[in-house]
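In case you want the letters, here they are:
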Amino acid sequence: MAGTLQTLILSPATSRTVRLCPRNVRFSSHGGRLSVRPVKIGPNRSASRPIRACEASSGQVSGNDHAPEIPGKVKAGNPFSKFVADNFLPLALIGGVALGLANPSLGCLADRYYLSKFSTFGIFIISGLTLRSGEIGAAAEAWPVGMFGLGSILLFSPYFSKLILQIQLQPQEFVTGLAIFSCMPTTLSSGVALTQLSGGNSALALAMTVISNLLGILLVPFSISKFIADGVGVTVPTKQLFKSLVLTLLIPLILGKILRESFRGLADFVDNNRKLFSKISAVFLSLVPWIQVSRSRSLLLLVQPAMFLVAIGMGTVLHLILLAFNAFAIQCLSTVTGGGQSVFAKKENANAALLVASQKTLPVMVAVVEQLGGAFGESGLLVLPCVAAHLIQIIMDSFLVNFWLRKDAASNSVKVA
């Protein structure tokens, strides 16, 4: 026992009861108090009696830096609060959709003042604030994973547009719109936010997001011409898109990183409150479906429910195909490049690549459709199924991230036990 026991000087044997009460009680290193029971000393009885350690009844323990834990005192949390905390992101996204359907005027007002761009700006500010320098090195080491992600986003996934165009559906704009959607780069903010929430390699997700969108400005016109338009010339507002991406992605990311490196106290505060910043990022992310649904509500009411459900199903299947394709490719590359020692086998890298490479961006798609001038049909009908597909991919991936987090928590609890 780490603590020392005071020497007890016993009086000569006597028939009366002697109570031994140490004046100064010492404590063990684990916070337990050493208690000594009163001992009756008879003429022929020794003074030895087992001395046991019991937990301190007060948190003020001398010689220790922390109060001991008291078993049985942990209060069970509110089940509803726990459910909200465990499913905060999907609930925020579904809440945004419901609010947009119930009262579109607020979402349209937010869109008029470019709130969606401010939300993307906020997400990348948080990304910069939470980006540790060590994570940048981890992203550099995982460059093969990043190259795969860029190839999947810009080169492989556009081929799925050929499969989508084989589907016969009225209005035909639904099919064409989803085919155009499959040619887009990754989401501007959703993939990064979800990667951060899942504990993945957020620096790698940031790199794939920024580079794929910048390269996408050059490659999207080629993809649409090759896979959809059959040689019809397509113009994309390259200068406007490039400027928008720099303002909403690069500048806030760099600004957040500069603030982190300039103020040590701020960096410590962010690191100690990463869950809080993740929830703020989730709230910013939920503004996107809220605004998109608010803008498209009038069109939603004009389309036959059966046809729109079919379009939603197509968007769901497209995302599932991309998830399955990327998961299978990552697994194959992991096996080929060294198995468990491969950069593809690291869970942080695999999660980032799977999330980012399987998503498609809606804002760039809207900008492209606006420049087509009706060449592929009514712009609103082209965009409408993509709004649904955009929301579905975020909601589905948020549940996937929740599943990963629960699985990790269960694994950690088993290891502790």
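Definitions and limits used
Residues numbered from 1 in each chain as written. Predicted model: local features only at pLDDT ≥ 70, side-chain atom pairs only at ≥ 80, totals over all residues. Heavy atoms only, no water. Helix = DSSP H or I, 4+ residues; strand = E, 2+ residues; numbered from the N terminus. Expected span 1.5 Å × (residues − 1). Bend = angle between axes of the 7 residues up to and from the residue. Contact = heavy atoms within 4.5 Å. Axes fitted to C-alpha atoms, helices over the stretch in contact; angles between N-to-C directions. Parallel < 35°, antiparallel > 145°, perpendicular 65-115°, else oblique. Left-handed = near helix turned anticlockwise from the far one by under 90°. pLDDT = per-residue confidence, 0-100. Salt bridge = Lys/Arg side-chain N within 4 Å of Asp/Glu carboxyl O. Buried < 20%, exposed > 50% of the residue type's maximum accessible area, 1.4 Å probe, protein only. Core = buried A, V, L, I, M, F, W, Y, C linked by side-chain atoms within 4.5 Å. 1 Å grid on protein atoms, 1.4 Å probe; cavity = no way out; pocket = protein on both sides within 12 Å on 5 of 7 lines; lining within 4 Å. Points joined across faces, edges and corners; volume = space filled by probe spheres on them.

1. Digging into the environment of Pro363
Secondary-structure assignment places Pro363 in helix H16 (residues 362-372). Along the chain, Pro363 and Val288 lie 75 residues apart, while their C-alpha atoms are 9.9 Å from each other.

2. A closer look at helix H13 (residues 274-302)
For H13, which comprises 29 residues, the first-to-last C-alpha distance of 43 Å matches the rise-based estimate of 42 Å (1.5 Å per residue) to within 8%. The largest bend in H13 comes to about 55°, at Ser296.

3. Focus on the side chain of Ser157
With respect to the helices and strands, Ser157 occurs in the loop between helix H6 (143-156) and helix H7 (160-164). Sequence-distant contacts of Ser157, defined by excluding residues within four places in its chain, comprise Ser152, Ser182, Leu322 and Lys360.

4. Some thoughts on the packing of helix H8 (residues 172-181) against helix H14 (residues 305-336)
H14 packs onto H8 with a crossing angle of 20° between their chain directions and a minimal axis gap of 11 Å. The orientation of H8 with respect to H14, classified from their angle, is roughly parallel. Our pair here, H8 against H14, has a crossing hand that is right-handed. Each of Phe174, Val175, Leu178 and Phe181 in H8 lies in contact with H14, whose residues at this interface are Met307, Phe308, Ala311, Met314, Gly315 and Leu318.

5. Considerations on the confidence of the model for the protein chain
Where the model shows low pLDDT, its predicted coordinates should not be examined in detail. For the protein chain, per-residue confidence averages 75 on the pLDDT scale, and 76% of positions sit at 70 or higher. Of the regions scoring below 50 in pLDDT, residues 1-76 engages in 71 contacts with residues more than four places distant in sequence or in other chains.

6. Considering the pattern of salt bridges
Within the structure shown, the criterion is met by five salt bridges. One salt bridge in this structure joins Asp271 and Arg260, with 3.0 Å as the shortest N-O distance. Of this pair, Asp271 sits in helix H12 (residues 264-272) while Arg260 sits in helix H11 (residues 238-262), and the two are 11 residues apart along the sequence. The class of Arg260 is buried, set by a relative accessible area of 7%. A salt bridge links Asp271 to Arg274; the nearest nitrogen and oxygen atoms lie 3.1 Å apart.

7. As for the nonpolar core
The biggest cluster of nonpolar side chains holds 42 residues, and the ones touching the most others in it are Phe124, Leu204 and Leu285. Val97, Leu318, Val369 and Val387 belong to the second-largest nonpolar core, a separate cluster that totals 40 residues.

8. Focus: the packing of helix H9 (residues 190-198) against H13
Remark: H9 packs on H13, axes separated minimally by 10 Å, with the N-to-C direction vectors making an angle of 155°. In terms of their interaxial angle, H9 and H13 are classed as roughly antiparallel. Here the hand of the crossing between H9 and H13 comes out left-handed. Residues Ser190, Ala193, Gln196 and Leu197 of H9 touch H13, and the partners they reach there are Ser278, Ser281 and Leu285.

9. A word on the side chain of Asn349
Locating Asn349 in the fold gives a position in helix H15 (residues 347-357). Taking relative accessible area as the criterion, Asn349 reaches 5% and is therefore assigned buried. When neighbours within four sequence positions are excluded, Asn349 is seen to be in contact with Ala142, Val145, Asn201, Leu204 and Val343.

10. A look at empty space enclosed by the protein
What the rule picks out here adds up to one cavity of 30 Å³ or more. Roughly 40 Å³ of volume is contained in the largest cavity. Around the largest cavity, the lining residues are Phe181, Gly315, Leu318, His319, Leu322, Ser358, Lys360, Ala389 and Gln393. Elements supplying a minimum of two residues to the lining of the largest cavity: H14 and helix H17 (379-416). The leading source of residues in the lining of the largest cavity is H14, at four residues.

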